[in-house]
Amino acid sequence: QAGNNLGMNGPRLDYIKSELMAPGEISFTSDPQLGKAVITADSWEEMCDNAAEYFRLRTPAVMGAASTYAQTMYNLFTSPKFRAGKTASNETFAHIDIPDHPARSVLTVLKEQVSPVIVNGYRKGEGIDPDRYPTKSVCAGLEELTDKLATSAPETTTFTSFARGEATYEQYVGDLKLKLEKQGGGWVTVAPRDTCQQGNDSESAAISNISRINAEVWAQKAGCVGYETGGAQYQAGLIRGFDPASILRLGLPYNMPAHSLQRSQYVNGLAELTPEIRRPLFESTAEIVAQHYRGAGGTDSWVPWQPYNFHAGNFYCEKTGYSPQDDTTLELLDAKCLPMPNWVFSPKFPLDALKKWTERQIDIFEKKGLALQQLRIKNPGQGVDWTADTLWAHVDTIIQCFKARGLPPPIVYIHNHDFNGMAPHTGAELFRKAHQANFHTLVIDAAPRKNGTHNDNTVLLSALNLDASQKEALAEYNHNQQMIENLICRFDSRTSQMTPWDSDWAGGTEGSDIRIAKEYSLDVRKINDAKEIANEVFPLERAVTPFSEYKLRLGIAIMIEPGIEPKSADSVRKWVNGGGKLKVGGDVLVGLSRWETLVPKTKEVDQLLKNMPEELDAALAQKAKLIGPSDLPATLSAAQRHTALGFQAKGLEFTKAQAKGTDLSPLLIAPEVLHSRPKSLRAGTKFQILMDKLDGSLPKKEEIKFLGFGLAPGAASGPDSLGRELVLSFLHEGQKVEVQLPDPDAAASAAAGAKGNRKATPGNKMEVPTVVPGEMLSYAVKVGDKLTKGQILCVLESMKMEMKIPVPDELDGLVVKALPCQGRTKEAQGDILAPGDLMVELQEK
């Protein structure tokens, strides 16, 4: 491939008697580059082994496009047929795998994954205020903080020893309890995972690495005992081009556990996974974590992976004993993980059910030879029922279950949001009630001072016994974390008026709700009312993923349905009971049909499902299309298996994008680069990029320095030229690297007259408009088909769910004239449709 060879890299090998790789230009117009090596061996087998090792370890240092040559030669010398002498010389490459893509080099990553973001921007045009990029001082401050944290050593704890395999889980928990008893309790930081899910459109992926370091260094000194990760952080990260497995690894702290959100049978996504998929998924996750902490992926002993395992409805079937949460807890334990069972709080869930649930969790852990040590109560919002007295009644119910079994008191964790400033005071009062009852192993989630979404840690921790140095550490942690989260100001929705002060749930997130409202051209101030109406008619309880997603989609479906007026619960009941349908995804219908919650079902639930039989059947058929272990290439690493199994089609598609180098994962540790205004990165900026070989080894961090922008020479570089090219210069390991890209401003001028998707003509029955915005996945009809009411017209992906669009009654009998949109293919995304875009053209039969 074209480029410039600087010489050879890699260790000296005794069996290489001579080697020549002349430095200089490699191009299509110059003479072929000369490369020679004399490899010696005592046998043909040894020769093949030596050659394979040579092509694995010795590589030319090329500044230019990467090549598949070395990997191809390695594949040749490890081919059983070739080694057996059964490959003819004219068939040398006929029986081996030639990689589709070369291994990613620093240069190719800078050229294809980093520079386009520096020039064009990340999520350009998106956000609460798309033009409110972080200032230069914010970016420079973050760079300075990164350097400062890099030279600050975190304290070693018993968790550190446990994570490395040098101490037992019981020793870790024992020392944790001693720490909590000394402090009077503790806290888990939910920044940035949950603060940014509610307040910054789930833009926490790229600031998790530096936030984790801040927590390791400062929050831990201030009594913090855990770092929250996962859930929408992985899911949103994947959608935006980041590797969920890399986000997971970057969120694993040195001296405290990472607590990742696990949605029972849905795990980290929205698709319901079967046990045959979940088990290898959990095993691959355990392998990732074990490799991170212990250098190898073996899981002979307990792995330091402690996800919060919850089910939105705390569902348990008394007749059959079925509980998706209990099943997945057992599966996680089988994978040598240490899940923390979560009880989802709701005033509609009785304490007697909590008691039975606690007893089942104790039994589950005993069944696996482990004493249950930690449980959690999860409130997805706040609400007027969230009082210290109510909370203590729940905590005491759990304590009494342990006491009745003759077990020591557990560590009880508490999670909630804050919509009116009172939640941290409630938490502090709960700490005091616990102290009065001589219970000191209580842990409550919190975030920095004035965060606007969760418990203010300074208020909450005023009830604990923190010494002066711990209070100083808390102030330092809060100051740093505020600096970090200032970087994602473009997506900041923390001052929005959407969530009422007395709300009992956070919905999806305020930022994403606002974004989705814009996509549907809805008044953002009405989104909360829509969700409340949906919750009254379809009372899935509690509003935790995926139920929160269902409620949001039902609410939006109500808002966009012209037949429902006024927008009230009574109008929705009348519409549904009259045979009306709602434009919701198949996942919502499946969730309604399963009704896995302790709250009774309303008649409108069954009626809606009766009104939409084709859509429900199609959604249920999707289960047969799940991607299982046998569908995966044998070459995938544990991290890639985790992504493919956990996120299904999107995850598997992402593993292919990684090989091509079209993802943004290298920038997960360079947030100041990712979130900067396009074409504004300061010359002299130092940052790191994440290099993953995708071969199962741990990713490496490479140091980069940005030297600045320039214009490519030639006539096309003039200020009025539409073909103007930018030159970006970097420094890596003492070598200057230059990347040349089109100037987007010039390209935008050239494309100013380009047209987007055609709009359907209002009132023209033959032009079917898009109602639900999203990506066109596929059409279910073809040109010339005669339409039948209720049949599936096409499939869109909207708000992370597949949505099957049925033929409305008024189009029954018409014939398809044209299908103007492009569906998704393996190579390309489908057309992105907005409300009003032409979806199908029809004609009379």
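Residues numbered from 1 in each chain as written. Predicted model: local features only at pLDDT ≥ 70, side-chain atom pairs only at ≥ 80, totals over all residues. Heavy atoms only, no water.

Moving on: the nonpolar core. One finds Ile414, Leu442, Phe538, Leu592 and Phe730 to be the most contacted residues of the largest nonpolar core, which totals 182 residues. Isoleucine 414 has contacts with Ile377, Trp386, Leu391, Val395, Leu430, Leu442, Val443, Ile444 and Asp445, leaving out every residue within four places of it along the chain. (Core = buried A, V, L, I, M, F, W, Y, C linked by side-chain atoms within 4.5 Å. Buried < 20%, exposed > 50% of the residue type's maximum accessible area, 1.4 Å probe, protein only. Contact = heavy atoms within 4.5 Å.)

Taken N-terminus to C-terminus, the directions of helix H14 (residues 351-367) and helix H15 (residues 388-404) make an angle of 40°; their axes are 9 Å apart at the nearest point. Viewed along their axes, H14 and H15 adopt a mutual orientation that is oblique. For the element pair H14 and H15, the recorded crossing hand is right-handed. Between H14 and H15, the residues in contact are Leu351, Leu354, Lys355, Thr358, Glu359 and Ile362 and Ala393, His394, Thr397, Ile398, Cys401 and Phe402, respectively. Looking at side-chain class alone, the contact of H14 with H15 contains seven nonpolar, three polar and two charged residues. (Axes fitted to C-alpha atoms, helices over the stretch in contact; angles between N-to-C directions. Helix = DSSP H or I, 4+ residues; strand = E, 2+ residues; numbered from the N terminus. Parallel < 35°, antiparallel > 145°, perpendicular 65-115°, else oblique. Left-handed = near helix turned anticlockwise from the far one by under 90°. Nonpolar A, V, L, I, M, F, W, Y, C, P; charged D, E, K, R; others polar.)

With that out of the way, let us pick up the environment of serine 496. With respect to the helices and strands, serine 496 occurs in the loop between helix H18 (468-486) and helix H19 (510-519). A residue is classified by how much of its surface remains accessible, and serine 496, at 22% relative accessible area, is partly exposed. The spacing of serine 496 and asparagine 209 is 287 residues in sequence and 27 Å in space, taken between C-alpha atoms.

As a further point, take the side chain of histidine 259. Residue position: histidine 259 is located in strand S8 (residues 258-262). With sequence-adjacent residues up to four places away left out, histidine 259 is seen in contact with Val188, Gly226, Tyr227, Glu228, Thr229, Gln306, Tyr308, Met340 and Tyr413.

The next thing to look at is the confidence of the model for the chain. When the pLDDT values of the chain are averaged, the result is 91; 95% of them are 70 or greater. Across residues 715-720, confidence stays below pLDDT 50; counting only partners more than four residues off in sequence or on other chains, it has ten contacts. Scored below 50 in pLDDT, residues 751-755 shows zero contacts in the model against residues more than four places distant or in partner chains. (pLDDT = per-residue confidence, 0-100.)

So, about the pattern of salt bridges. Within the structure shown, the criterion is met by 56 salt bridges. One salt bridge in this structure joins lysine 148 and glutamate 476, with 3.1 Å as the shortest N-O distance. In this pair, lysine 148 sits in helix H5 (residues 136-150) while glutamate 476 sits in helix H18, placing the two residues 328 residues apart along the sequence. One salt bridge in this structure joins arginine 594 and glutamate 596, with 2.7 Å as the shortest N-O distance. Under the relative-accessibility criterion, arginine 594 is labelled partly exposed at 32%. Through salt bridges with shared partners, one network takes in Arg123, Glu126, Asp201, Glu203, Arg240, Arg515 and Glu519. (Salt bridge = Lys/Arg side-chain N within 4 Å of Asp/Glu carboxyl O.)

Turning our attention to the side chain of arginine 278. For arginine 278, the position within the fold is in helix H12 (residues 275-294). Once residues within four sequence positions are removed from consideration, arginine 278 is found in contact with Gln265, Val267, Leu273, Asp327, Thr328 and Glu331.

A separate point is unusual backbone geometry. Cis peptide bonds are those with omega within 30 degrees of zero, and the linkage from alanine 191 to proline 192 qualifies with 5°. You can see proline 192 is positioned in the loop between strand S6 (186-189) and helix H8 (193-199). Cis geometry marks the peptide bond from glutamate 541 to arginine 542, where omega comes out at 20°. One can find arginine 542 in the loop between helix H20 (527-537) and helix H21 (547-560). Positive phi is not limited to glycine here, since asparagine 314 has a value of about 50°. Relative to the assigned elements, asparagine 314 resides in the loop between strand S9 (308-309) and helix H13 (324-334).

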